[in-house]
Amino acid sequence: KVYLLETFSLRFARCMDKLTKLLKKLSPKERERLEEILALLLSGDSSSLDIKKLKGVEDIYRARAGDLRVIFQKQGKEILILEVSRRDESTYKNY
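Let us look at the structure shown here. (Residues numbered from 1 in each chain as written. Predicted model: local features only at pLDDT ≥ 70, side-chain atom pairs only at ≥ 80, totals over all residues. Heavy atoms only, no water.)

### Comments concerning the pattern of salt bridges
A side chain with one charge may pair with a side chain of the opposite charge, provided their charged atoms come close. Summed over the entire model, instances satisfying the criterion amount to three salt bridges. Measuring nitrogen to oxygen at the nearest pair gives 2.7 Å for the salt bridge that ties Glu36 to Arg33. With a gap of three residues between them, Glu36 and Arg33 both fall in helix H2 (residues 28–43), about one helical turn apart. On the basis of relative accessibility, which here comes to 26%, the residue Arg33 falls in the partly exposed class. Notably, a salt bridge pairs Arg62 with Asp50, separated by 3.4 Å at the nearest N-O pair. On the criterion of sequence distance, the pair formed by Arg62 in strand S4 (residues 60–65) and Asp50 in strand S3 (residues 50–53) is long-range, its members being twelve residues apart. Given the relative accessible area of 25%, Asp50 is considered partly exposed. Among the ionic contacts, a cluster of salt bridges with common partners joins Asp50, Arg62 and Arg64. (Salt bridge = Lys/Arg side-chain N within 4 Å of Asp/Glu carboxyl O. Helix = DSSP H or I, 4+ residues; strand = E, 2+ residues; numbered from the N terminus. Buried < 20%, exposed > 50% of the residue type's maximum accessible area, 1.4 Å probe, protein only.)

### A few points about the side chain of Gln73
Of note, Gln73 is situated in strand S5 (residues 68–75). Polar side-chain contacts of Gln73 include one of 3.0 Å to the side chain of Asp59. Among the polar contacts made by the side chain of Gln73, one reaches the side chain of Gln75 at a distance of 3.4 Å. Contact partners of Gln73, with chain neighbours within four places excluded, come to Asp59, Ile60, Glu78, Ile79, Leu80 and Leu82. (Polar contact = N/O pair within 3.5 Å; in protein donor to acceptor, adjacent residues only side chain to side chain. Contact = heavy atoms within 4.5 Å.)

### Quick word on the packing of aromatic side chains
Within the structure shown, the criterion is met by one aromatic pair. Aromatic side chains Tyr61 and Phe72 sit 5.7 Å apart centroid to centroid with 25 degrees between the ring planes, which places their arrangement in the stacked category. Here Tyr61, found in strand S4, pairs with Phe72, found in strand S5; they are eleven residues apart in sequence, far enough to count as distant. Judged by relative accessible area, which is 1%, Phe72 ranks as buried. (Phe/Tyr/Trp six-rings, centres within 6.5 Å; stacked < 30°, edge-to-face > 60°.)

### A short note on the nonpolar core
Core analysis: the largest hydrophobic core is formed by 17 residues, its most contacted members being Leu34, Ile37, Leu41, Val70, Phe72, Ile81 and Val84. Only helix H1 (16–25), H2, S4, S5 and strand S6 (78–86) provide two or more residues apiece to this core. With five residues, the top contributor of residues to this core is H2. Excluding residues within four positions of it along the chain, Val70 makes contact with Leu34, Ile37, Leu38, Leu41, Tyr61, Arg62, Ala63, Ile81, Glu83 and Val84. Within the second largest apolar cluster, six residues are counted, among which are Val57, Ile60, Ile71 and Leu80. (Core = buried A, V, L, I, M, F, W, Y, C linked by side-chain atoms within 4.5 Å.)

Below you can see the structure in the form of structure tokens.
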């Protein structure tokens, strides 16, 4: 799925079933925070987000809000969401 806004487009790398399953597990407050993170990434205004580049990879970043993590890759004007998950021991192992 691709979401378009003025600054960036957003694409999910993994199947939507996995994301849908995660969204069902999140509390309403966590879902709201996730929506805020995605909206800020799309708008290009990431100054209020806790974003860090992942070590050992060239263009993969993570945005953090509490124990929620959004792992993403910037590709020009497109943001590819690689993973949305709660922080645990395996969060960063694939990257």
